[in-house]
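Structural overview for review
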Amino acid sequence: MSVTPAWPPPFPFPPTPSENWNATAKGYLAALIRGRLQDCSQANVKESDVAYLVEKLATPKAVRRFYRVQKYEQHANQQEISYLEWLDRVVHGYMAYSAKWQRSREEGHENVMTLIHRIVSSTYVRLAHRHPPPDLREELAARLSLALLENYFYDTELEPWLRQTAQNIIKDDIRKIIPLIDDIELHPELPQRDRSGEDWLQAHIQREMLLEAIRQISHRRYRVILLLIYLFDFTNGELAAFFGVSVPEATTWRSRALQALRKKYPPDERPK
């Protein structure tokens, strides 16, 4: 039976993100992981699982992840979390993740890739108010899968992590589109969408006048806010999430952006 080594070890552990993991540190980590896998598994510990987790955790990225979790626990819950406690979370999360993969092979259980595609589609609909085209959905799913492989450390529940990461990826795509809006999105031949904001624009024969007025606003943030409102139907809450600010602050920005638009848009054609 595996024996968990004494804690703390007689050397600094874990190494800081700027330090390399030597053979001694990796061996100690392997012993910690092996003991914890033995505790939470009735079957024999697979050395392949130990080797995989050592390879994943004996890295600067994993140590930085531990420090972020530690800082979060101190700030949010006023609790101290040790490396051993974090490692327990990781090992238990890894076992749950492995069990999910195993169950996905059985009929009637959703596999992880199906889950990823479902989350990408639902998150895109929530943020963009339309379904992603198939090629874009595949690209976003591939990026989310890569993020899962590289950045998921099993120390939090899988589905909430996937949803948050998908949201970050899709918002990042929207942000990349923003610099191109002045050159591309303001073209009179805008794509038609079955949404209330687009319906309003469609109802105005001179909709390009509205977009031209937005382009003339010197404050770039206001231009972005207005485009998110009229092209993507963003609510105040979605604006707040997009810019990473509070809802009251986003509401103030929205009001100021609309005031700036009223100065540029013809009075008889102003948005309601």
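Residues numbered from 1 in each chain as written. Predicted model: local features only at pLDDT ≥ 70, side-chain atom pairs only at ≥ 80, totals over all residues. Heavy atoms only, no water.

1. Describing the overall build of the protein chain
A count of helices and strands for the protein chain gives 12 helices and 0 strands. Ordered by position in the sequence, the α and β elements of the protein chain form the string α-α-α-α-α-α-α-α-α-α-α-α. Expressed as a percentage of its 272 residues, the buried residues of the protein chain come to 43%. Of the contacts formed within the protein chain by residues at least 6 apart in sequence, a portion of 61% connects residues at least 24 apart. Surface accessibility of the protein chain: about 15400 Å² in total, with carbon and sulfur atoms responsible for 52%. (Helix = DSSP H or I, 4+ residues; strand = E, 2+ residues; numbered from the N terminus. Buried < 20%, exposed > 50% of the residue type's maximum accessible area, 1.4 Å probe, protein only. Contact = heavy atoms within 4.5 Å. Areas by Shrake-Rupley, 256 points an atom, 1.4 Å probe, with all protein chains shown as cover.)

2. What about the packing of helix α5 (residues 112–128) against helix α6 (residues 134–151)?
How two helices sit against one another is set out by the angle between their axes and by the gap between those axes. In the contact formed by α5 and α6, the axes pass within 9 Å of each other and the chain directions differ by 120°. Considering the angle they form, α5 stands oblique to α6. α5 and α6 meet at a crossing whose hand is right-handed. Listed contacts from α6 to Val112, Met113, Ile116, His117, Val120, Ser121 and Tyr124 of α5 are Leu136, Arg137, Glu138, Leu140, Ala141, Leu144, Ser145 and Leu148. By residue class, the composition of the contact of α5 with α6 is 10 nonpolar, 3 polar and 2 charged. (Axes fitted to C-alpha atoms, helices over the stretch in contact; angles between N-to-C directions. Parallel < 35°, antiparallel > 145°, perpendicular 65-115°, else oblique. Left-handed = near helix turned anticlockwise from the far one by under 90°. Nonpolar A, V, L, I, M, F, W, Y, C, P; charged D, E, K, R; others polar.)

3. Observations regarding the nonpolar core
Counting residues in hydrophobic clusters, the biggest one holds 77 residues, and the most contacted among them are Leu29, Leu57, Tyr83, Trp86, Leu148 and Leu162. Considering every element that reaches this core, the biggest residue donor is helix α10 (residues 220–232), with 10 residues. With near-sequence residues (within four places) excluded, Leu162 lies in contact with Leu115, Ile116, Ile119, Leu144 and Leu148. (Core = buried A, V, L, I, M, F, W, Y, C linked by side-chain atoms within 4.5 Å.)

4. Quick notes on α10
Helix length check: α10, at 13 residues, gives a terminal C-alpha distance of 17 Å against a target of 18 Å (1.5 Å per residue), a fit within 8%. Within α10, 11 of the 13 residues are buried, which leaves it mostly tucked inside the rest of the structure. Of all the positions in α10, only Tyr222, Arg223, Val224, Ile225, Leu226, Leu227, Leu228, Ile229, Tyr230, Leu231 and Phe232 are classed as buried. (Expected span 1.5 Å × (residues − 1).)

5. Quick notes on the packing of aromatic side chains
A full pass over the atoms with the stated rule returns 17 aromatic pairs. Pairing Tyr97 with Tyr152 gives two aromatic rings, centres 6.2 Å apart and planes at 55°, and the pair type is tilted. With Tyr97 in helix α4 (residues 83–104) and Tyr152 in the loop between α6 and α7 (158–181), the pair connects residues that are 55 residues apart, well separated along the chain. When sorted by exposure, Tyr97 lands in the same class as Tyr152, which is buried. Taken together, the aromatic side chains of Trp7, Phe11, Phe13, Trp21, Tyr28, Phe66, Tyr67, Tyr83 and Trp86 make up a single cluster linked through ring pairs. Lying across the ring of Phe153, Lys56 places its NZ or CZ 5.0 Å from the centre. (Phe/Tyr/Trp six-rings, centres within 6.5 Å; stacked < 30°, edge-to-face > 60°. Lys NZ or Arg CZ within 6 Å of the ring centre and 35° of its normal.)

6. Details of unusual backbone geometry
The residue after Trp7, namely Pro8, is reached through a cis peptide bond having omega -5°. For Pro8, the location among the structural elements is in the segment before α1 (23–40).

7. Things to note about the packing of α10 against helix α11 (residues 236–243)
Across the interface, α10 lies against α11 with an axial gap of 11 Å and an inter-helix angle of 135°. By the angle class used here, α10 and α11 are oblique. The interaxial crossing formed by α10 with α11 has right-handed handedness. Contact with α10, carried on its side by Arg221, Val224, Ile225, Leu228 and Ile229, involves Leu239, Phe242 and Phe243 of α11 and no other residues of that element.

8. Here we look at the pattern of salt bridges
Counted under the stated rule, the structure contains 7 salt bridges. Ionic pairing is found between Glu47 and Arg34, a salt bridge with its closest N-O pair at 2.9 Å. Residue Glu47 is found in helix α2 (residues 47–57), and its partner Arg34 is found in helix α1; the two are separated by 13 residues along the sequence. Under the relative-accessibility criterion, Glu47 is labelled partly exposed at 44%. Measuring nitrogen to oxygen at the nearest pair gives 3.0 Å for the salt bridge that ties Glu73 to Arg89. With Glu73 in helix α3 (residues 60–77) and Arg89 in helix α4, this pair connects stretches of sequence that are 16 residues apart. (Salt bridge = Lys/Arg side-chain N within 4 Å of Asp/Glu carboxyl O.)

Remember, this is a structural readout, not a statement about activity or role.
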